[in-house]
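# Per-entry structural report
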Amino acid sequence: MTQYFVYGRDRAGAGELKGQLTEEHWAFMDRYAEELVARGPTLTEDREESTGSLHIVDLPDDEALKTFAYDEPYYVGGAFDTVELYRFHNLTGRTMWEFTTAVEGLGRYLVLTKDGPRPLTSDHLIVYGDLLDGDTHVGRAALVEAPDAAAAAGLVQAENAEVHPWEFGGRR
């Protein structure tokens, strides 16, 4: 099995469509419950609207990855502008559900950076790893908890980070 990072970025105005497809999306994801490492929506700064849908999933091969990414209801329904697919080398070795050091009042963020791999340790790293295109390192992704976006980027020691508010996904 190989872990993959799948990030669908919403097209403009897709909020209502995603709302209509949420139950279908969750039912699709239920089929992958045992394989999911992390999941959840990225959000606007005020955390009121979705900007994307993130999944890190353990799958047997690239063909299974394509099925996961392109049969997914948000994708099929046209909610995404783009979908990014990478192999993911999980440096924390855990799932988001195994994160046990949450601090009340801190926000959660997805931090993407093109920086090279560097070892990080922090009680605020939820899931962290390298993004790979084939065998080529193309960046890092971190799910973190921090007081704000700047602190999230600082936690990952990323100079040119792309930071998105994020929250744990799935059924409530």
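Residues numbered from 1 in each chain as written. Predicted model: local features only at pLDDT ≥ 70, side-chain atom pairs only at ≥ 80, totals over all residues. Heavy atoms only, no water.

Named according to an unreviewed UniProt entry, the protein chain is YCII-related domain-containing protein originating from Kribbella pratensis. Taken from UniProt, the Sequence similarities (unreviewed entry) comment for the protein chain reads in full: "Belongs to the YciI family." (UniProt positions renumbered as here; feature names shortened; annotations may be inferred.)

### With respect to the UniProt feature "domain: YCII-related" (unreviewed entry) in the protein chain
UniProt tags residues 3-88 as "domain: YCII-related" (unreviewed entry). Secondary structure across residues 3-88 comprises 34% helix and 41% strand; the distance between its end C-alpha atoms is 5 Å. (Helix = DSSP H or I, 4+ residues; strand = E, 2+ residues; numbered from the N terminus.)

### Quick look at the pattern of salt bridges
In total, this model carries 5 salt bridges according to the counting rule given. E145 is paired through a salt bridge with R108; the nearest N and O atoms lie 4.0 Å apart. With E145 in strand β7 (residues 136-146) and R108 in strand β5 (residues 107-113), the pair connects residues that are 37 residues apart, well separated along the chain. The exposure class of E145 is buried, given its relative accessible area of 2%. Connected through shared salt-bridge partners, R9, E84 and E162 make up one network. (Salt bridge = Lys/Arg side-chain N within 4 Å of Asp/Glu carboxyl O. Buried < 20%, exposed > 50% of the residue type's maximum accessible area, 1.4 Å probe, protein only.)

### As for the side chain of T42
Relative to the assigned elements, T42 resides in strand β2 (residues 36-43). A distance of 2.9 Å separates polar atoms of two side chains, one belonging to T42 and the other to Y7. In terms of polar contacts, T42 uses its side chain to reach the backbone amide nitrogen of G52, at 3.0 Å. Setting aside residues no more than four positions away along its own chain, T42 makes contact with Y7, E49, S50, T51, G52, S53, L110, H164, P165 and W166. (Polar contact = N/O pair within 3.5 Å; in protein donor to acceptor, adjacent residues only side chain to side chain. Contact = heavy atoms within 4.5 Å.)

### Looking at helix α2 (residues 62-70)
Those residues of α2 lying buried are A64, L65, F68 and A69. Within α2, the buried residues cover an arc of 130° as seen down the axis, which keeps them to one side. Buried positions along α2 lie against β1 (2-10), α1 (15-30), β2, β3 (50-59), α3 (73-76) and β4 (80-90). (Arc of directions from axis to C-beta.)

### Topic: the environment of N90
As for its position among the elements, N90 is in strand β4. You can call N90 buried: its relative accessible area is 14%. Excluding residues within four positions of it along the chain, N90 makes contact with Q3, V37, V127, Y128 and G129. Among the polar contacts listed, one links the side chain of N90 to the side chain of T92, at a separation of 2.7 Å.

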